[in-house]
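# Summary of structural features
The lines below spell out each chain.
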Amino acid sequence: MSGKKFSLTTPIYYVNGLPHIGHSYSTIAADALARYHRLAGEAVYFQTGADLHGEKVQGAAEDAGETPAHFAARVSDIWQSTWDRLDIRYDRFIRTTDADHRRAVAKIANAIHDAGQIEFREYEGLYCVGCERFLTDRDTKDGLCRDHETKPEARREANYFFKMSEHFDWLARELERHPELIEPERYRNEVLAMIREGSGLEDLCISRPKERLSWGIELPFDSNYVCYVWFDALVNYLSGCGWPDKPDWEARWRACTHLIGKDILKPHGVFWPTMLHAAGLPLFRGLRVHGHWQVEARKVSKSLGNMIDPLRMKARYGFEPFRYFLLREMSFGLDGSFNEDAMIERANAQLSNALGNLLSRTLNMTARYCEGVVPEPDDDGPDETVLRDACAAAATAVDHHLRRFELHRALEAVFQLVDAANRYIDRREPWKAARTAARAGELRTTLASACRALRSIGLLLAPFLPEASAELLRRLGLGDALRNARLPDDAARWNMLIPGTPTSKGDALFPRLERQDDD
Ligand code: MSP
């Protein structure tokens with residue numbers, strides 16, 4: 001271990017629904033990043049989980065004829081097993097019903113209360129159950145909630161309020177001083193606009209009377225109320241890091257980055273930092289915000305039936321083409337568009353053709369001309385130098401882009417190397433060299449160099465396509481490579497393949513896909 005720490009969280013997902021393309025993207029992107037940082041030798045902590053409380057879940061439980069506790073636990077199990085079946089390597093799947101989390105919520109509520117930052121007030125406003133909060137004028141359009149396009153309810157209640165607005169000046173200064181707190185930049189600007197005077201964002205109602213909502217964590221200073229679901233949910237990030245009891249919580253926490261979709265920028269960009277500040281706790285390291293997926297050019301919604309179930313994608317096409325598409329297609333921070341035919345096209349062009357062919361022709365020729373073992377190369381000539389430099393450049397680019405959460409750019413860099421390796425083989429025409437005994441050295445050098453490039457490609461693809469990369473490396477005779485690898489440096493190394501290492505051809509790494517509609 002380098003001693004460097006990297007903690008990463010996904011949002012904890014509401015259990016009134018099931019995993020769809022949007023949740024899959026956040027979770028897969030986080031998994032790819034966590035895998036990369038592990039391969040870089042860092043101490044990684046990766047957390048995902050489920051948000052079990054609140055009116056939405058209580059309502060869904062009622063519709064299902066179950067108690068909220070039973071319903072929420074049952075659906076949380078489905079979420080967790082979905083990520084398990086997709087080989088998402090989280091360190092903890094947190095549930096807001098976990099005992100340590102409940103204790104942490106009570107502790108932070110008390111801390112903010114003791115600091116004189118919570119007030120009891122009578123309040124009247126428009127409430128959106130979809131958002132689980134009172135709306136401001138800016139949140140509505142033509143009398144409807146902008147996000148949910150439903151009519152909010154008029155509600156009058158006595159509730160506890162967190163004096164959030166007192167922290168806006170501090171937050172603005174923090175964001176000016178540390179622009180890296182929220183990236184991409186457009187989202188930092190959005191948060192700054194939210195907290196600017198006159199933006200309508202005020203104090204935060206953090207309680208719900210039990211007579212209206214019983215399914216939640218009780219407020220420690222008033223047993224007639226439960227916590228507002230967001231006040232409870234955001235604390236998951238701290239409780240997951242071991243706050244307040246575990247001795248190493250602070251190191252983990254200070255290394256913590258939250259990955260979220262743009263729909264929940266306000267709670268993460270405004271509620272959460274101000275809550276932490278009021279409680280006298282340090283801020284998270286960063287917030288990284290991605291855009292939204294549309295499916296077949298429409299918003300993802302239950303009523304349109306276009307949610308895209310990741311397990312169904314796996315059953316139809318194998319999981320990695322789907323994983324690849326999500327990571328490659330979406331420019332991190334911007335919206336993306338999913339379309340099953342586009343996914344198939346990308347998989348066939350880039351995975352089956354570019355990468356699959358590079359591997360199969362290299363290993364087929366190695367089998368045919370070099371008895372299936374990595375051949376002994378001569379010294380590098382100009383073509384080899386170009387390819388070697390391309391390996392080093394890809395390793396540097398992957399590291400650079402992943403540290404900036406630009407997953408699409410990192411993948412693009414790997415596939416530029418795939419193209420460079422294919423061009424190298426085309427140019428060297430080893431099949432011609434194989435016809436002349438005098439060109440045996442050239443043939444060996446070409447195939448050894450193609451194997452070396454494939455080794456770099458296999459290592460660099462590990463965070464993105466874990467299964468395919470492990471198989472690719474196994475075929476190169478490097479079954480153990482990932483266990484000992486240290487990225488990015490190992491992927492930039494050229495002379496790491498030992499001549500004489502047995503390789504194996506295998507079947508197509510990515511069989512060509514055809515559209516499947518029947519299930
Ligand atoms: N429970 C809250 C989060 C609490 S975190 C302290 C919640 N849950 S959710 O189930 O609605 O999940 C929202 C998250 O799912 C988004 O922030 C995003 O990460 C992901 N997505 C949901 N729909 C999405 C798209 N259409 N596209 C991309 N991601 C989106 O909000």
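Residues numbered from 1 in each chain as written. Predicted model: local features only at pLDDT ≥ 70, side-chain atom pairs only at ≥ 80, totals over all residues. Heavy atoms only, no water.

Once that is clear, we can look at the packing of aromatic side chains. Scanning the entire structure with this criterion turns up 20 aromatic pairs. Where Tyr25 meets Trp293, the ring centres are 5.8 Å apart and the plane angle is 70 degrees; that geometry is what we call edge-to-face. With Tyr25 in helix H1 (residues 21-39) and Trp293 in strand S16 (residues 293-295), this pair connects stretches of sequence that are 268 residues apart. With relative accessibility at 5%, the residue Trp293 sits in the buried group. Measuring from ring centre to ring centre gives 6.0 Å for Phe120 and Tyr225, while their planes differ by 85 degrees; the resulting arrangement is edge-to-face. Pair noted here: Phe120 is in strand S4 (residues 118-128) and Tyr225 is in strand S13 (residues 222-227), with a separation of 105 residues, a long-range link. Ring pairs connect the aromatic residues Tyr25, Trp293, Phe319, Phe322, Phe325 and Phe338, which therefore count as one cluster. Lying across the ring of Tyr45, Arg252 places its NZ or CZ 4.0 Å from the centre. Sitting over the face of the ring of Phe405, Arg288 holds its NZ or CZ atom 5.7 Å from the ring centroid. (Phe/Tyr/Trp six-rings, centres within 6.5 Å; stacked < 30°, edge-to-face > 60°. Helix = DSSP H or I, 4+ residues; strand = E, 2+ residues; numbered from the N terminus. Buried < 20%, exposed > 50% of the residue type's maximum accessible area, 1.4 Å probe, protein only. Lys NZ or Arg CZ within 6 Å of the ring centre and 35° of its normal.)

Another aspect to go through is the domain arrangement of the chain. With domains assigned, the chain is organised as domain 1 (5-290) and domain 2 (340-492). The interface is formed by 15 residues belonging to domain 1 together with 14 residues belonging to domain 2. Of the roughly 1300 Å² buried between domain 1 and domain 2 on both sides combined, carbon and sulfur atoms contribute 70%. Broken down residue by residue, the surface that domain 1 buries against domain 2 is led by Leu33, Tyr36 and Leu39, which jointly contribute 51%. There are 1 salt bridge connecting domain 1 and domain 2. A salt bridge links Arg403 to Glu42, with the shortest nitrogen-to-oxygen separation between them at 2.8 Å. Across the contact surface, domain 1 and domain 2 share 3 residue pairs in polar contact (both at pLDDT 80 or more). (Domains from an automatic or database assignment. Contact = heavy atoms within 4.5 Å. Buried area = accessible area lost by both parts, 1.4 Å probe. Salt bridge = Lys/Arg side-chain N within 4 Å of Asp/Glu carboxyl O. Polar contact = N/O pair within 3.5 Å; in protein donor to acceptor, adjacent residues only side chain to side chain.)

Strand order in the open sheet formed by 4 strands is S5-S4-S8-S10, with antiparallel pairing between adjacent strands. Each having just a single partner strand, strand S5 (133-135) and strand S10 (204-205) make up the two edges of the open sheet. Relative to S10, strand S8 (residues 153-162) runs antiparallel, the two being bridged by 2 bridges. Opposite Phe161, over in S10, you have Cys205 as the bridge partner. (Pairing = 2+ DSSP bridges.)

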